[in-house]
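Here's the letter readout for the chains.
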Amino acid sequence: MQPLRLIVIGNGVAGITAARTVRALRQDAEITVISDESPYFYARTALMWVYMRQLSRAALEPFERRLWREERLELVHDRVVALDVARRTVTLESGATRSYDRLLLATGAEPARFGWPGQELSGVQHFCTLSDLAALEALRPRVERAVVVGGGLIGIELVELLLHDRVAVTYLIREPWYWDLVLSRDEAGLVHTLLREHGVELLLEDLPEELLGDDRGQVRELVTRAGRRLPCQLVGLATGVRPRIALAQAAGLPCGQGILVDRTLRTSVPEVYAAGDCAEIALEPDGRTLVQKLWYTAQRQGEAVGRVLAGLDAPYDPGVPYGSAQFLFCDYLTVGWFPHAPYPPAAELLGRATAPRTVAELALREHVVRSPRTRASARIAYLENQQVLGFSLLGARWNAALLMRWIRERRPLPWVLEHLEEARFDEEFRRPPFPEGTSRA
């Protein structure tokens, strides 16, 4: 049998996980990983800790560099400028051409842009990559006032690292409350309180209208749609990301929001696959698709496509939704399904013959409990028959694996409430016993 020549474009978590999965299953494979962003795989989720000098840059790399040699993974630091799917070749910026038997596109995502005048000024910054980190570090000495735009996880990270530098921060959020796609109004209210306690000026339901610069091209003011004028030396744009698909589009691969793939993460072009933030997965023949742009989902897709690239034919299972974060040192965890979840549970998880088409069809109800001594709260989503499907947990630390197991075991709400303390790590939250909660449809 001829050795498999695999090229992976992108050395983020999806690409690296796929390459290592193939290596574990196919010792004969010749595996090349190409990326122009950094020579080695690093953890994007830890960038803020480097900025705040709590981690070294070297600590961003999850693996010892000898691993690439030991696992015979060739790392190429270059940019792919062209993809020829007919000849099965990729062309690099250096002029070299590489041939493949199978190709994985793991090109990740890039910041979404909204065309606000002035957003190309110096001092207008995203926070997704190592180069963003370097740019922020270079700006650090001259920033006294900053505006952060975007009510999501990267936005609050930017707020936190600017507060670390004692920068005066205005936080501009388009929605009526922070992270309204995930948090309830009450949960977001706690985050609002934390922000204001740290001196952040929080402005809701407003957007940038334009960004103004000085005669050196440096941002000096942000004007909002409501007419507010916000002087600043830095504007942090954290308004989401979108799949990076330009290379795939230029090669003629079918794309929608992302690179279109089936449940095995195959594109419609032979021997070309896509995984991670750049992929748009067809869930069902009816046209519903899924784009996932989180670290753990990219890792999960990398494992799945790695098995397929190695010759196993197993579809990707998005599994139980999961996410965790910290809001100014306030822990947050979500596990399972709430109305905002991007896909419904599988039929077997509900004990039904067929799965619902949407999460809305589940008509989820919610039960909320709050700690009387701390700001911690637990919001639990359940069905009319009392089966629990989701947890939204703020202000304490919880065992996500155990909560996922309860969802898979189809535990009812009374049983979950009786055993809820078993899932907590936080001793401060553990006593006194969890109070009575309230339910709402």
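Refer to the structure above for everything that follows.
Conventions used here
Residues numbered from 1 in each chain as written. Predicted model: local features only at pLDDT ≥ 70, side-chain atom pairs only at ≥ 80, totals over all residues. Heavy atoms only, no water. Helix = DSSP H or I, 4+ residues; strand = E, 2+ residues; numbered from the N terminus. Buried < 20%, exposed > 50% of the residue type's maximum accessible area, 1.4 Å probe, protein only. Expected span 1.5 Å × (residues − 1). Pairing = 2+ DSSP bridges. Right-handed = clockwise from strand over helix to strand, strands pointing away. Axes fitted to C-alpha atoms, helices over the stretch in contact; angles between N-to-C directions. Phe/Tyr/Trp six-rings, centres within 6.5 Å; stacked < 30°, edge-to-face > 60°. Salt bridge = Lys/Arg side-chain N within 4 Å of Asp/Glu carboxyl O. Contact = heavy atoms within 4.5 Å. Polar contact = N/O pair within 3.5 Å; in protein donor to acceptor, adjacent residues only side chain to side chain.

Caption draft 1: Local environment of unusual backbone geometry. Despite not being glycine, Arg 53 has its phi angle at roughly 60 degrees, a positive value. Assignment of secondary structure puts Arg 53 in the loop between α2 (47-51) and α3 (66-70). Of the residues examined, Arg 53 reaches a relative accessible area of 60% and is grouped as exposed. One non-glycine residue, Ala 363, lies in the positive phi region at around 50 degrees. Of note, Ala 363 is situated in the loop between α9 (347-350) and β24 (365-370).

Caption draft 2: Region of the structure containing helix α1 (residues 13-25). End to end, α1 covers 18 Å across 13 residues, agreeing with the expected 18 Å (1.5 Å per residue, within 8%). Counting buried residues along α1, ten of its 13 residues qualify, which places the element largely inside the surrounding structure. Of the residues making up α1, those classed as buried are Val 13, Ala 14, Gly 15, Ile 16, Thr 17, Ala 18, Ala 19, Thr 21, Val 22 and Arg 23.

Caption draft 3: Up close: the pairing of strand β2 (residues 30-35). Within β2, five of the six residues are buried, which leaves the element mostly enclosed by the surrounding structure. The sheet contact formed by strand β1 (residues 5-9) and β2 spans five bridges and is parallel. Bridge pairing in β2 links Leu 6 to Ile 31. Handedness of the crossover is the feature at issue here: the chain leaves β1, passes through α1, returns alongside β2, and the resulting connection is right-handed.

Caption draft 4: Layout of the sheet that holds strand β13 (residues 208-213). Taken together, three strands build an open sheet; the order of strands is β13-β14-β15 and the sheet is antiparallel. Each edge of the open sheet is held by one strand with a lone partner, namely β13 and β15 (229-231). Adjacent strand axes in the sheet meet at a mean angle of 20 degrees when their direction is disregarded. For β13 and strand β14 (residues 219-224), the ladder comprises five bridges, and the chain directions are antiparallel. The residue of β14 that forms the bridge with Gly 213 is Val 219.

Caption draft 5: Local environment of the packing of aromatic side chains. Here the structure, examined in full by the defined rule, presents 14 aromatic pairs. Where Phe 41 meets Trp 295, the ring centres are 6.0 Å apart and the plane angle is 15 degrees; that geometry is what we call stacked. Remark: Trp 295 occurs in helix α8 (residues 295-309) and Phe 41 occurs in the loop between β2 and α2; sequence separation between them is 254 residues. In this structure Phe 41 comes out as buried when scored by relative accessible area, which is 5%.

Caption draft 6: Spotlight on the pairing of strand β25 (residues 377-382). Along β25, six of the six residues are buried, which leaves the element largely enclosed by surrounding structure. Residues Ser 377, Arg 379 and Ala 381 line one face of β25 and the alternating positions Ala 378, Ile 380 and Tyr 382 line the opposite face, and both faces are buried. Judged from the six bridges that link them, β24 and β25 form a sheet pairing that is antiparallel. Counted as the bridge partner of Arg 370 is Ser 377 from β25. Hairpin connection, β24 to β25: the antiparallel pair is bridged by six residues. As judged from the six bridges shared by β25 and strand β26 (residues 388-394), these two strands associate in the antiparallel manner. Pairing of Tyr 382 across the sheet is with Val 388, part of β26.

Caption draft 7: The pattern of salt bridges, seen in detail. Scanning all chains against the criterion turns up 29 salt bridges. Between Glu 93 and Arg 79 there is a salt bridge, with the nearest N and O atoms lying 3.2 Å from each other. In this pair, Glu 93 is assigned in the loop between β5 (89-92) and β6 (97-99) and Arg 79 in the loop between β3 (73-77) and β4 (80-84), connecting sequence segments 14 residues apart. When its relative accessible area of 51% is taken as the criterion, Glu 93 is described as exposed.

Caption draft 8: Spotlight on the sheet that holds strand β7 (residues 102-105). Spatial ordering of the open sheet is given by β3-β2-β1-β7-β19, a layout of five strands whose pairing is parallel. Edge positions in the sheet fall to β3 and β19 (272-274), since each of these pairs with one other strand and no more. Between one strand axis and the next, the sheet turns through 20 degrees on average, direction left out of account. In this structure, β7 lies alongside β19, joined through three bridges in parallel fashion.

Caption draft 9: Expanded view of the environment of Asp 165. Following the sequence through the fold, Asp 165 ends up in the loop between α5 (153-164) and β11 (168-173). Sequence separation between Asp 165 and Val 200 is 35 residues; the distance between their C-alpha atoms is 13 Å. When sequence neighbours within four positions are dropped, the list of residues in contact with Asp 165 reads Tyr 51 and Arg 140. A distance of 2.8 Å separates polar atoms of two side chains, one belonging to Asp 165 and the other to Arg 140.

These figures capture arrangement, not role.
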